[in-house]
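# What the coordinates show
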Amino acid sequence: MTSSPGRIEALESLLAERYSCRAFRSDPVPRATIERILTAAQRTASWCNSQPWQVVIASGAAARRFSEVIHDAASGTGSAHGAQSDFPFPREYKGVYLDRRRESGFQLYNALGIARGDKDGYRRQTLQNFKLFGAPHVAIISTDEALGVYGAVDCGGYVNNFLLAAQALGVATIPQAALAGFSDVIREHFGLGDDRRVVCGISFGFAETDHAANSYRTNRATLQDAATFLEN
Ligand SMILES: Cc1cc2nc3c(=O)[nH]c(=O)nc-3n(C[C@H](O)[C@H](O)[C@H](O)COP(=O)(O)O)c2cc1C
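So, here is what we can say about the structure in this document. (Residues numbered from 1 in each chain as written. Predicted model: local features only at pLDDT ≥ 70, side-chain atom pairs only at ≥ 80, totals over all residues. Heavy atoms only, no water.)

## Considering the overall build of the protein chain
When helices and strands are counted, the protein chain shows 9 helices and 4 strands. Start at the N end of the protein chain and walk to the C end: the helices and strands fall as α-α-β-α-α-α-β-α-β-α-α-β-α. The C-alpha atoms of the protein chain give a radius of gyration of 18 Å, which matches the 17 Å a tight globule of 232 residues would have. Taking the principal axes of the C-alpha coordinates as reference, the protein chain spans close to 55 × 40 × 40 Å. The proportion of buried residues among the 232 residues of the protein chain is 38%. The long-range share in the protein chain, meaning contacts at least 24 apart out of those at least 6 apart in sequence, stands at 83%. Just so you have it, the protein chain exposes about 13,600 Å², and 51% of that area is on carbon and sulfur atoms. Computing the positive centroid from 24 side-chain charges and the negative centroid from 24, the protein chain places the two 2 Å apart. (Helix = DSSP H or I, 4+ residues; strand = E, 2+ residues; numbered from the N terminus. Rg over C-alpha atoms; globule rule 2.2 N^0.38 Å. Buried < 20%, exposed > 50% of the residue type's maximum accessible area, 1.4 Å probe, protein only. Contact = heavy atoms within 4.5 Å. Areas by Shrake-Rupley, 256 points an atom, 1.4 Å probe, with all protein chains shown as cover. Lys, Arg positive; Asp, Glu negative; His and termini not counted. Charge placed at Lys NZ, Arg CZ, Asp CG, Glu CD.)

Next up, the structure:
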């Protein structure tokens, strides 16, 4: 195991720079770059090395077709949240979780000039998920039904490594549970087997850096809030 200079700094700066991009340019990411991201993410650790993730990458016309189908589904339900998710959405956000959820939501709405309580504004912005925020590519991450929550956890690690590898290559990303809220639509559209469970999507491309939606960064709790050290 080596700890040569600069390695932790490189990782720290990727973690510090990465953010969820909600406005993309339309120009595509070269196929070789996408394959490099996917090759890096293949190194993700998993329970018994089961590597349960399967990923479908839709680009260009295929991404636009998918976006039309899922946007129709989301606009039609009246609720763009978790209408038919393979994994139940959180039962409740309370305490600090509710506070953090609200804070990050208000950061986005403030950046976009959407007033507090403007339900139509919230809904319009939520529907941007199904336009892939203008991204030219979307990755759909699924796991195997029989692997249950362990498979989903492994896919979470895969998603994170995808985000960091993309960041290292100058590619912006946003993981999207909103897409997984329409798991049946995704399974049918991409011809996924009945044994696949949709974990989330990742829209990706080059960031529209001047867009207001990309103008703020979310906060994090302190180490003291998250970690407990026991020594005796
Ligand atoms: C698994 C997962 C699913 C997410 N789903 C969505 C989503 O559907 N729509 C969205 O706008 N953001 C989504 N996000 C982004 C989070 O809101 C974001 O990661 C969080 O607020 C922290 O901000 P940051 O990613 O900019 O650091 C998701 C993040 C993760 C990890």
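## Topic: the packing of aromatic side chains
Counted by the stated rule, this structure contains 6 aromatic pairs. Aromatic pair Trp47 and Tyr150: ring centres 4.8 Å apart, planes at 40°, arrangement tilted. Within this pair, whereas Trp47 is found in the loop between α2 (31-41) and β1 (54-59), its partner Tyr150 is found in helix α6 (residues 148-168), the two being separated by 103 residues in sequence. For Tyr150, a relative accessible area of 45% puts it in the partly exposed group. (Phe/Tyr/Trp six-rings, centres within 6.5 Å; stacked < 30°, edge-to-face > 60°.)

## Overview of the site of the ligand
Contacts to the ligand come from 13 residues, most closely from Ser20, Asn129, Ala177, Ala178 and Arg220. Here Arg220 contributes a side-chain N or O atom positioned 2.8 Å from an oxygen atom of the ligand. Coverage of the ligand by the protein amounts to 66% of the 610 Å² it exposes when considered alone. The set of elements that each furnish at least two residues to the shell around the ligand consists of β3 (172-176) and α7 (177-180). With 3 residues, the top contributor of residues to the shell around the ligand is β3. (Near = heavy atom within 4 Å. Polar contact = N/O pair within 3.5 Å; in protein donor to acceptor, adjacent residues only side chain to side chain.)

## Some points on the sheet that holds strand β2 (residues 137-144)
Ordered in space as β1-β2-β4-β3, the 4 strands form an open sheet in which the pairing is antiparallel. Each edge of the open sheet is held by one strand with a lone partner, namely β1 and β3. Shown here is a sheet whose adjacent strand axes are inclined to one another by a mean of 20°, direction ignored. Sheet analysis places β3 next to strand β4 (residues 196-205), joined by 5 bridges and oriented antiparallel. By the bridge assignment for β4, Ala172 is matched with Gly205. Each of β1, β2, β3 and β4 is contacted by α6, which is oriented at about 155° to β2, the strand it contacts most. (Pairing = 2+ DSSP bridges. Axes fitted to C-alpha atoms, helices over the stretch in contact; angles between N-to-C directions.)

## Overview of the nonpolar core
With 26 residues, the main nonpolar core has Phe66, Phe130, Leu179 and Ile186 as its most contacted residues. When residues of this core are traced back to their parent elements, those giving at least two are α3 (60-77), β2, β3, α7 and α8 (183-190). It is α3 that contributes the most residues to this core, 4 residues altogether. In this structure Phe66 touches Leu132, Val138, Ile140, Leu179, Ile186, His189 and Phe190, once residues within four positions along its chain are discounted. Val29, Ala41, Val199 and Phe204 belong to the second-largest nonpolar core, a separate cluster that totals 21 residues. (Core = buried A, V, L, I, M, F, W, Y, C linked by side-chain atoms within 4.5 Å.)

## Some words on the pattern of salt bridges
Applying the stated rule across the entire model yields 6 salt bridges. A salt bridge links Glu35 to Arg31, with the nearest nitrogen and oxygen atoms 2.7 Å apart. Placement of the pair is Glu35 and Arg31 together in helix α2, with a separation of 4 residues, close to one helical turn. Looking at Arg31, the relative accessible area reads 62%, which means it is exposed. With a shortest N-O distance of 2.8 Å, Asp86 and Arg187 are connected by a salt bridge. In this pair, Asp86 is assigned in the loop between α3 and α4 (95-112) and Arg187 in helix α8, connecting sequence segments 101 residues apart. The class for Asp86 is partly exposed, based on a relative accessible area of 22%. Each of Asp86, Asp184 and Arg187 takes part in salt bridges that share partners, so that together they form one network. (Salt bridge = Lys/Arg side-chain N within 4 Å of Asp/Glu carboxyl O.)

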